[in-house]
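Survey of secondary and tertiary structure
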Amino acid sequence: MPAKKQFWLMKSEPDAYSIDDLERDGSEPWDGIRNYQARNNMRAMNVGDLVLFYHSNAKPPGVVGVAKVCKTAYPDHTAWDPKSKYYDPKSPEDAPRWEMVDVEFVEKTPTMVSLEDLKAEAALEDMVVTQRSRLSVQPVSKEHFKHVLAMAGAKTKVR
DNA sequence: GCCAACGTTGGC
DNA sequence: GCCAACGTTGGC
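Structure report, in brief.

The rules behind these values
Counting from 1, residues in each chain are numbered in the order their sequence is written. To label them, take the chains in the order written and letter them from A, then take the ligands in the order written and number them from 1. The predicted origin of the model limits local features to residues at a pLDDT of at least 70 and limits the giving and counting of side-chain atom pairs to 80 or more, whereas totals for whole chains, interfaces and linings rest on all residues. Note that the side-chain values use all heavy atoms of the structure and ignore hydrogens as well as water. Runs of E in the DSSP output that reach at least two residues are strands. Runs of H or I that reach at least four are helices, and both are numbered from the N terminus. Restricting the calculation to C-alpha atoms gives the radius of gyration, and the globule rule supplies 2.2 Å times the number of residues raised to the power 0.38. Only protein chains enter the accessibility calculation, which uses a 1.4 Å probe; a residue is then buried when its area is under 20% of its type maximum, exposed when over 50%, and partly exposed in between. By the convention used here, residues are in contact when the closest approach between their heavy atoms is within 4.5 Å. The accessible surface values rely on the Shrake-Rupley method and a 1.4 Å probe; as for residues, cover is taken only from the protein chains in view. Under this rule, positive means Lys or Arg and negative means Asp or Glu; His and the chain ends count for nothing. Note that the charge is assigned to NZ on lysines, CZ on arginines, CG on aspartates and CD on glutamates. By definition, two strands form a pair when at least two bridges between them are found by DSSP. One heavy atom within 4 Å of a molecule or strand is enough for the residue carrying it to be called near that molecule or strand. Two N or O atoms form a polar contact when they lie within 3.5 Å of each other; inside protein one atom must be a possible hydrogen donor and the other a possible acceptor, and for residues adjacent in sequence the pair counts only when both atoms belong to side chains. Asp, Glu, Lys and Arg are counted as charged, while Ala, Val, Leu, Ile, Met, Phe, Trp, Tyr, Cys and Pro are counted as nonpolar; the rest, among them Gly, fall into the polar class. Under the pairing criterion, centres of Phe, Tyr and Trp rings, with the six-membered ring standing for Trp, must be within 6.5 Å; the plane angle then separates stacked pairs below 30 degrees from edge-to-face pairs above 60, leaving the rest tilted.

Some thoughts on the overall build of chain A
- Broken down by element type, chain A carries five helices and six strands.
- Listing each helix as α and each strand as β along chain A from the N terminus yields β-α-β-α-β-β-β-α-α-β-α.
- Scaling as 2.2 N^0.38, a compact globule of 159 residues should have a C-alpha radius of gyration of about 15 Å, and chain A matches this with 15 Å.
- Dimensions along the principal axes, computed over C-alpha positions, put chain A at roughly 45 × 40 × 30 Å.
- For chain A, buried positions account for 45% of its 159 residues.
- Relative to all contacts within chain A whose residues are 6 or more apart in sequence, the contacts with residues 24 or more apart total 72%.
- For chain A, the exposed area adds up to about 8,700 Å²; of that, 48% sits on carbon and sulfur atoms.
- Distance between charge centroids for chain A: 3 Å, based on 23 positive and 24 negative side chains.

Encoded structure:
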């Protein structure tokens, strides 16, 4: 019995890692998340879950593509590397505090859906991204997800 | 570059 | 356990 499909939104600064980088690489470990709520959301992910790829700190910020989870949560080893900017001495190897998932490229959408567009959409007024702007990994309802896909002209379809 | 929002830390 | 101080995120 496959797990029920869930939907998410994940943010990345395009200067750090953009949708074009993901397209080039195919898939990517989503390391460096150091927020408990975001981590808990990643722990809840299943392989095949779809993700809206959001560019934060961009001009303008917004949804630029679709990705999907290809590996469920496992320890984020960058927390153990003193040379990493994500190093966290409070996350020992025998009790990892931080985890990551791998995501794979699905598509870059024909139309970018900016945060302004999302906020202007009445059907999306209670979407997390328009309310809790600082949460970098957040759940998206199926209805909201479909709505954003339609706005973006995405090839990806959700039934 | 500014600053509001908000999550985390640490003193008490 | 409270809360002030501090650091970070991210829109503008």
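Describing the pairing of strand β3 (residues 50-55)
- Where burial is concerned, most of β3 is hidden: six out of the six residues are buried.
- The alternating pattern of β3 places L50, L52 and Y54 and V51, F53 and H55 on opposite faces, both of which are buried.
- Counting the residues between successive antiparallel strands, the hairpin from β3 to strand β4 (residues 62-75) contains six residues, one of them, N57, with a positive phi of roughly 55°.

A word on the protein's contact with DNA strand C
- Taken together, the residues surrounding DNA strand C are K11, Y54, S56, N57, P61, L115, K119, S133 and R134.
- In DNA strand C, the atoms that sit within 4 Å of the protein are 70% sugar and phosphate, with bases accounting for the remainder.
- N57 places a main-chain nitrogen or oxygen 3.1 Å from a phosphate oxygen of DNA strand C.
- The separation between a phosphate oxygen of DNA strand C and a polar side-chain atom of K119 is 3.4 Å.
- Counted by class, the surface near DNA strand C contains three nonpolar, three polar and three charged residues.

Some points on unusual backbone geometry
- Cis geometry marks the peptide bond from K59 to P60; its omega dihedral reads -10°.
- Mapped onto the fold, P60 is located in the loop between β3 and β4.
- In the Ramachandran plot, N57 falls in the positive-phi region, its phi being about 55° despite a non-glycine side chain.
- Along the chain, N57 turns up in the loop between β3 and β4.

Structural notes on the packing of aromatic side chains
- All chains considered together, the criterion is met by three aromatic pairs.
- Ring geometry for F7 and F145: centres 4.8 Å apart, planes at 40°, overall tilted. Here F7 is found in strand β1 (residues 7-12), whereas its partner F145 is found in helix α5 (residues 142-152), with 138 residues between them in sequence. Considered together, F7 and F145 belong to a single accessibility category, that of buried residues.
- Ring centres 5.6 Å apart and planes at 85° place the aromatic pair W30 and F53 in the edge-to-face group. Of the two residues, W30 is situated in the loop between β2 (27-29) and α2 (36-43) and F53 in strand β3; the sequence distance between them amounts to 23 residues.

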